[in-house]
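Structure assessment
Given next are the chains, with one letter for each unit.
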Amino acid sequence: MWDLWLERAKPLVPVIVINSPLEAVPLAQALVDGGVRLLEVTLRTQHGLGAIEAIRQAVPEAIVGVGTVTSAQQMESALKKGAQFVVSPGSSDDLFACAREWGGPFLPGVATASEVMRAREAGFRYQKFFPATAAGGIPMLNAFSGPFSDVRFCPTGGIGQSNHHEFLALKNVFAVGGSWLTPVDAVSAQNWQAITSLAIAG
Ligand SMILES: O=C(O)C(=O)C[C@H](O)[C@H](O)COP(=O)(O)O
């Protein structure tokens with residue numbers, strides 16, 4: 001699924017925190033206008049689920065995922081709202097089971113070789129490397145590429161405008177994620193043009 005989506009979308013996954021329900025649709029539209037279509041709407045606030053539903057309805061060019069998923073129950077709630085992919089900062093047997101039953105694109109979070117192996121054994125070869133810079137950054141991803149040549153990563157955590165190209169240049173990286181595309185001050189000021197400009201620059 002990722003390969004198909006990435007034919008039409010930049011390999012950037014903004015990690016979105018919705019503080020006001022009214023922000024969701026214009027923010028998603030601003031990102032899409034800049035060519036960023038894979039959107040990870042986190043469940044860090046109470047508005048996350050509603051935002052997923054609203055963006056699915058109002059911004060058809062967006063590919064809307066849910067992030068900060070740490071339980072099967074959260075995954076199920078987000079899928080009911082129309083989430084098209086699911087991201088977790090970590091991995092658990094419950095999440096693996098729920099994602100397998102669903103059958104859609106799930107990115108389990110991994111930070112160590114053992115976690116990569118567990119997620120791969122569970123059937124997930126696309127994984128979120130989190131927290132990317134704190135857990136070893138580019139040297140760690142290069143080290144993973146030897147033993148895990150069949151696994152591809154979306155590094156997230158500590159990545160920004162200045163270094164995301166270096167991550168994207170790695171063969172085992174299919175996309176990079178982060179909050180730099182949706183700065184809190186621009187979102188709270190409803191400066192959608194600034195968000196589109198960041199998306200275009202990314
Ligand atoms: O809440 C989640 O779903 C997470 O898994 C963590 C986020 O992906 C990172 O916290 C983003 O990192 P920054 O780009 O450094 O802000």
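Residues numbered from 1 in each chain as written. Predicted model: local features only at pLDDT ≥ 70, side-chain atom pairs only at ≥ 80, totals over all residues. Heavy atoms only, no water.

Description of the sheet that holds strand β6 (residues 109-110)
Read across the sheet, three strands follow the order β6-β7-β8 without closing on themselves; strand pairing throughout is parallel. Only two strands of the sheet have a single partner each, and these edge strands are β6 and β8 (152-155). Judged from the two bridges that link them, β6 and strand β7 (residues 126-129) form a sheet pairing that is parallel. Note that in β7 the partner of Gly109 across the bridge is Lys128. Against the sheet, helix α7 (residues 137-145) engages β7 and β8, with an angle of about 150 degrees to β7. (Pairing = 2+ DSSP bridges. Helix = DSSP H or I, 4+ residues; strand = E, 2+ residues; numbered from the N terminus. Contact = heavy atoms within 4.5 Å. Axes fitted to C-alpha atoms, helices over the stretch in contact; angles between N-to-C directions.)

Regarding the sheet that holds strand β1 (residues 12-16)
The sheet built from six strands is open, its strands ordered β5-β4-β3-β2-β1-β9 with parallel pairing. Edge strands, defined here as strands with exactly one partner in the open sheet, are β5 (106-107) and β9 (176-178). As judged from the five bridges shared by strand β2 (residues 38-42) and strand β3 (residues 63-67), these two strands associate in the parallel manner. For Leu39, the partnering residue across the bridge sits in β3 and is Val64.

Observations regarding the confidence of the model for the protein chain
Confidence along the protein chain averages 97 in pLDDT terms, with 100% of residues attaining 70 or more. Across the whole predicted complex the pTM is 0.97, and at the interface the ipTM reaches 0.94. (pLDDT = per-residue confidence, 0-100.)

Considering helix α4 (residues 72-80)
Residues of α4 that are buried: Ala72, Met75 and Ala78. Each buried residue of α4 lies within a common arc of 125 degrees when the element is viewed along its axis, so the set occupies one face. The outward face of α4, more than 90 degrees from its buried face, is lined by the exposed residues Gln73 and Lys80. Gly82 sits one or two residues past α4 and shows a positive phi near 105 degrees. (Buried < 20%, exposed > 50% of the residue type's maximum accessible area, 1.4 Å probe, protein only. Arc of directions from axis to C-beta.)

Regarding the nonpolar core
In terms of nonpolar packing, the biggest core is built from 57 residues, with Leu31 and Ile55 touching the most fellow members. It is helix α2 (residues 24-33) that provides the largest number of residues to this core, a total of six residues. Those residues within four positions of Leu31 in sequence are excluded, and the remaining contacts are Pro14, Ile16, Val36, Leu39, Leu181, Thr182, Ile195 and Ala199. Counting residues in each nonpolar core, the second largest holds 12 residues, with Val13, Ile63, Leu107 and Phe174 among its members. (Core = buried A, V, L, I, M, F, W, Y, C linked by side-chain atoms within 4.5 Å.)

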